Amino acid sequence: VIEILLTFGLLIPRLRAKFASMIAWYFFLLIPFHIYMLVYRIPIAGNDSIYLLAARLVLQWPLIYLANSLNPKSWSIKQTWNDVVFINYFIDPKDLKALVPFELDLFEGKAVLSIVPFKMTGIRFPFFFGIPVLNSLWELNLRTYVIVNGKPGIYFFTLEANSSPGVWIGRTIFELPYIKSKLKASVSDTKYFFKHDRGEFHFQLEGNILEKKVNMSFDRWCVERYSFFLKNKKGQIYEGVAKHEPWTLSNFKITNMKDQLFFSFLGKKNFFNEQDIVSTAYSKKLEVHFHHRKKILAK
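Along every chain, residues carry numbers that run from 1 in the direction the sequence is written. pLDDT decides what is reported in this predicted model: residues at 70 or higher carry local features, side-chain atom pairs at 80 or more are listed and counted, and totals for whole chains, interfaces and linings draw on all residues regardless. In computing side-chain properties, one takes all heavy atoms of the structure into account and sets aside hydrogens as well as water.

1. Concerning the layout of surface pockets
Gaps left between atoms show up when a probe the size of a water molecule is rolled over them.
Item 1. In this structure, the largest pocket encloses a volume near 480 Å³.
Item 2. The rule is simple: put a 1 Å grid over the protein atoms alone, call a set of points where a 1.4 Å probe fits but cannot get out a cavity, call an open set with protein on both sides within 12 Å along at least five of seven lines a pocket, and count a residue as lining if it has an atom within 4 Å of a point. Along its surface, the largest pocket is lined by 17 residues, and Tyr65, Ser69, His291, His292 and Arg293 are the ones closest to its centre.
Item 3. Secondary structure is summarised from DSSP: a helix means a run of H or I of at least four residues, a strand means a run of E of at least two, and numbering begins at the N terminus for each. Of all the secondary-structure elements, those providing two or more residues to the lining of the largest pocket are helix H4 (50–69), strand S11 (237–243) and strand S13 (277–296).
Item 4. Looking at the lining of the largest pocket, the element that brings in the most residues is H4, giving five residues.
Item 5. Of the residues in the lining of the largest pocket, the class split is 11 nonpolar, three polar and three charged.
Item 6. Grid points are joined across faces, edges and corners, and a volume is the space filled by probe spheres set on the points. Empty space within the second largest pocket amounts to approximately 390 Å³.
Item 7. Residue lining of the second largest pocket: 13 residues in total, with Glu175, Pro177, Lys231, Asn232 and Lys233 positioned closest to the centre.
Item 8. Listing elements by their share of the lining of the second largest pocket, those giving two or more residues are strand S5 (151–161) and strand S10 (227–231).
Item 9. For this classification, Asp, Glu, Lys and Arg are treated as charged, while Ala, Val, Leu, Ile, Met, Phe, Trp, Tyr, Cys and Pro are nonpolar and the rest, including Gly, are polar. In terms of residue class, the lining of the second largest pocket is made up of eight nonpolar, one polar and four charged.

2. Focus: the environment of Phe86
Item 1. On the secondary structure map, Phe86 appears in strand S1 (residues 75–91).
Item 2. Accessibility expressed as a relative area gives 2% for Phe86, which makes it buried.
Item 3. Each C-alpha atom, one on Phe86 and one on Ala67, is 36 Å from the other, the two residues being 19 residues apart in sequence. Think of it in three bands: residues with accessible area under 20% of the maximum for their type are buried, residues over 50% are exposed, and the middle band is partly exposed, with areas taken using a 1.4 Å probe on protein chains only.

3. Observations concerning the packing of aromatic side chains
Item 1. Centres within 6.5 Å make a pair out of two Phe, Tyr or Trp rings, where for Trp the six-membered ring is used; the pair is then stacked when the planes are under 30 degrees apart, edge-to-face when over 60, and tilted otherwise. Evaluated as defined, the whole model comprises 24 aromatic pairs.
Item 2. Plain terms: the ring middles of Phe107 and Phe218 are 4.9 Å apart, the flat faces sit at 80 degrees to each other, and that makes the pair edge-to-face. Of this pair, Phe107 sits in the loop between strand S2 (103–104) and strand S3 (111–124) while Phe218 is found in helix H7 (residues 217–223), placing the two residues 111 residues apart along the sequence.
Item 3. An angle of 15 degrees between the planes, with centres 6.3 Å apart, marks the rings of Phe218 and Trp221 as stacked. A residue pair is termed a helical-turn pair when its members lie 3 or 4 positions apart in one helix, as Phe218 and Trp221 do in helix H7 at three residues. Trp221 matches Phe218 in its accessibility class, with the two residues each being buried.
Item 4. We count a charge as sitting over a ring when the NZ of a lysine or the CZ of an arginine lies within 6 Å of the ring centre and within 35 degrees of the ring normal. Just above the ring of Trp221 sits the side chain of Arg225; from NZ or CZ to the centre is 4.3 Å.

4. Quick word on a nonpolar patch on the surface
Item 1. Patches were defined on residues exceeding 30% relative accessible area and lacking a salt bridge, with like-charge contacts within 9 Å and nonpolar side-chain contacts (Val, Leu, Ile, Met, Phe, Trp, Tyr) within 5 Å. To measure how exposed things are, a 1.4 Å probe is used in the Shrake-Rupley method; for residues, cover is taken only from the protein chains shown. We define a salt bridge as a contact between a side-chain nitrogen of Lys or Arg and a carboxyl oxygen of Asp or Glu at a distance within 4 Å. A surface patch of nonpolar side chains, about 450 Å² in accessible area, is lined by Ile35, Tyr36, Val39 and Tyr40.
Item 2. Within the secondary structure, Ile35 sits in helix H3 (residues 31–39).
Item 3. For Ile35, a relative accessible area of 40% translates into the label partly exposed.

Following this line, the structure appears as structure tokens:
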């Protein structure tokens, strides 16, 4: 009876978000009962199969996630980004136009390409505790900046990560272009080391973390974006929204960088080099909540 009443509440548009949260909490509160039924083999419709009882318990989690996704104000995944480095290049918009399905957002008439290595920790879904095998990974992404329906955002060319479950979640649930790669890194005091390897493609970065940035107008233009846009294989366009505090940035000096990944990925040799770097920046830590992505119609 409770489930039926809550379901009818979803039919009332102005109350849908509240009832969606109530349903999510209802499913969550039922978990101890399902554990009890599993432990004591209490039958469902006369069937006490341990597989059926276990399946019913496991099913609660996707039901919680789906119910929570009906509330546009709720977040879908929480992350903490650590030791983030931004390496920003100016690039001729003509070199990117054919590779990006959206209008490019230009800074003083130039497109911007950013290489961003970082460590992701504290990964969890609503109502979940962090799962150790999924709780931490290193990532490297290549991105540019776009405008969709008048809103500035980010477009990812690739997101390289060293976690198979993380890549699967990114590709399957969020349809982002994640790729499994070998990554290793170390950050000690002011020293930063990062290495990426994926067959013939590889990237290596060494540098020094310096004092806090003062003049950040260009860096703010790059980093203070709270939407990303993607176009899936079916041609559907989605917007994802990230909520977080403003970035705290420090200067970052590159002492050694070898790039055999991104210019190859974009199909051009000698696509850019260290002399083309416009800005670099470092951020120690930022907590991020991603909200449920939504399908949009790009104008």
